[in-house]
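Fold and geometry: a report
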Amino acid sequence: MKATGIVRRIDDLGRIVIPKEIRRTLRIRESDPLEIFTDREGEIILKKYSPIGEMSTFAKQYAESLAQVSGHTAMVADRDQFIAVSGGYKGLLNKSISKQLEDKITNRESVMAARGDRGFIPVCEDGGEDYQHEAIAPIICEGDVIGAVVLLEDDNKGRMGEVEQKLIQSAAGFLGRQMEQ
C-alpha cells in the first residue's frame with residue numbers, strides 16, 4: 001500500500017482523524033457511514049458504506065424495468081456514483097455523480113428539465129453525455145437521502161412530463177422502502 005506521509009495517533013477513546021485532504025478526495029462527509037475491514041497482513045481498510053449499493057443487483061433489475069416501461073435511459077445512483085444503468089449511457093455505470101446532482105439530492109430536490117432550461121444540471125462528474133432531457137428524484141430511506149433515480153432522454157423532439165415525474169417518484173419511493181426492510 002502506498003504511504004501518504006500523514007501520521008495520526010489514536011486517542012484514548014480509540015478514535016483517529018481522517019485527514020481533510022483524504023476526506024475531500026474520497027467525498028467523505030460528516031456522518032457518512034464507513035465499513036471497517038482487516039486483511040491478512042493486519043492492515044485496516046476503511047470503505048465508504050453505500051446502503052443502496054448493498055442492493056445493486058436489485059437496483060439493476062429495477063433500472064432495466066424502468067427503462068423498458070419508460071423508453072428512456074434509467075439509472076440508480078447512491079450518493080457518490082451510478083450503481084445501475086439501463087437503456088443507454090452504459091458508460092456512466094460506476095462513474096461519479098456531479099457535484100450539482102449531489103447538491104440536488106442532498107437538498108431533497110427533484111429535477112425535471114430540458115437542456116437549456118435554467119434547472120438543467122449535468123448528472124455525471126465527467127460530463128460528455130449528450131442527453132437533452134432529465135428527470136431526477138431523490139431516494140429517501142428512514143429520513144436519510146441515500147441516492148437518486150434518474151431518467152435521461154437524448155431525443156430533442158419530446159419533453160419529459162408528468163408521467164416521467166410520477167414514474168421516478170414512485171421508483172424512488174419504492175427503492176427507499178425496500179432499503180428499510
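As shown above, the structure is provided for reference.
Remember, predicted model here, so these are calculated numbers, not experimental data.

1. Regarding the pattern of salt bridges
Across all of its chains, the model carries four salt bridges by this definition. Between D11 and R15 there is a salt bridge, with its nearest N and O atoms 2.8 Å apart. Notably, a salt bridge pairs K104 with E109, separated by 3.1 Å at the nearest N-O pair.

2. Thoughts on the nonpolar core
V76, I139, V149 and L151 are the most contacted members of the largest nonpolar core, which totals 22 residues. Of all elements in the fold, only α2 (56-70), β3 (73-77), β4 (82-86), β6 (133-141), β7 (144-153) and α4 (162-180) reach the threshold of two or more residues within this core. Counting residues per element, this core draws most heavily on α4, which supplies five residues. Membership of the second largest hydrophobic core comes to 21 residues, among which are L92, C124, V150 and L152.

3. Quick look at the layout of surface pockets
Looking at the second largest pocket, its volume works out to about 340 Å³. Lining the second largest pocket are 15 residues; nearest its centre among them are R23, I28, R29, E30 and D32. Secondary-structure elements contributing two or more residues to the lining of the second largest pocket are α1 (20-25) and α3 (99-106). For the lining of the second largest pocket, the leading source of residues is α1, giving three residues. Within the lining of the second largest pocket, the residues separate by chemical class into five nonpolar, one polar and nine charged.

4. A short note on a positive patch on the surface
Where like charges cluster on the molecular surface, the positive patch consists of R8, K20, R23 and R24. The exposure class of R23 is partly exposed, given its relative accessible area of 32%.

5. Re the environment of I168
Considering the arrangement of structural elements, one finds I168 in helix α4. Given the relative accessible area of 1%, I168 is considered buried. The sequence separation of I168 and I136 amounts to 32 residues, and the corresponding C-alpha distance is 7.0 Å.

6. Observations regarding the packing of α2 against α4
It is the contact of α2 with α4, at a shortest axis distance of 12 Å, that shows an interaxial angle of 165 degrees. The pairing of α2 with α4 is recorded here as roughly antiparallel in orientation. When you trace α2 past α4, the crossing you get is right-handed. Each of F58, Y62, L66 and S70 in α2 lies in contact with α4, whose residues at this interface are L167, S170, A171, F174, L175 and Q178.

Cut-offs used in this document
Residues numbered from 1 in each chain as written. Predicted model: local features only at pLDDT ≥ 70, side-chain atom pairs only at ≥ 80, totals over all residues. Heavy atoms only, no water. Salt bridge = Lys/Arg side-chain N within 4 Å of Asp/Glu carboxyl O. Core = buried A, V, L, I, M, F, W, Y, C linked by side-chain atoms within 4.5 Å. Buried < 20%, exposed > 50% of the residue type's maximum accessible area, 1.4 Å probe, protein only. Helix = DSSP H or I, 4+ residues; strand = E, 2+ residues; numbered from the N terminus. 1 Å grid on protein atoms, 1.4 Å probe; cavity = no way out; pocket = protein on both sides within 12 Å on 5 of 7 lines; lining within 4 Å. Points joined across faces, edges and corners; volume = space filled by probe spheres on them. Nonpolar A, V, L, I, M, F, W, Y, C, P; charged D, E, K, R; others polar. Patch = residues over 30% accessible without salt bridge, like charges linked within 9 Å, V, L, I, M, F, W, Y side chains within 5 Å. Areas by Shrake-Rupley, 256 points an atom, 1.4 Å probe, with all protein chains shown as cover. Lys, Arg positive; Asp, Glu negative; His and termini not counted. Charge placed at Lys NZ, Arg CZ, Asp CG, Glu CD. Axes fitted to C-alpha atoms, helices over the stretch in contact; angles between N-to-C directions. Parallel < 35°, antiparallel > 145°, perpendicular 65-115°, else oblique. Left-handed = near helix turned anticlockwise from the far one by under 90°. Contact = heavy atoms within 4.5 Å.

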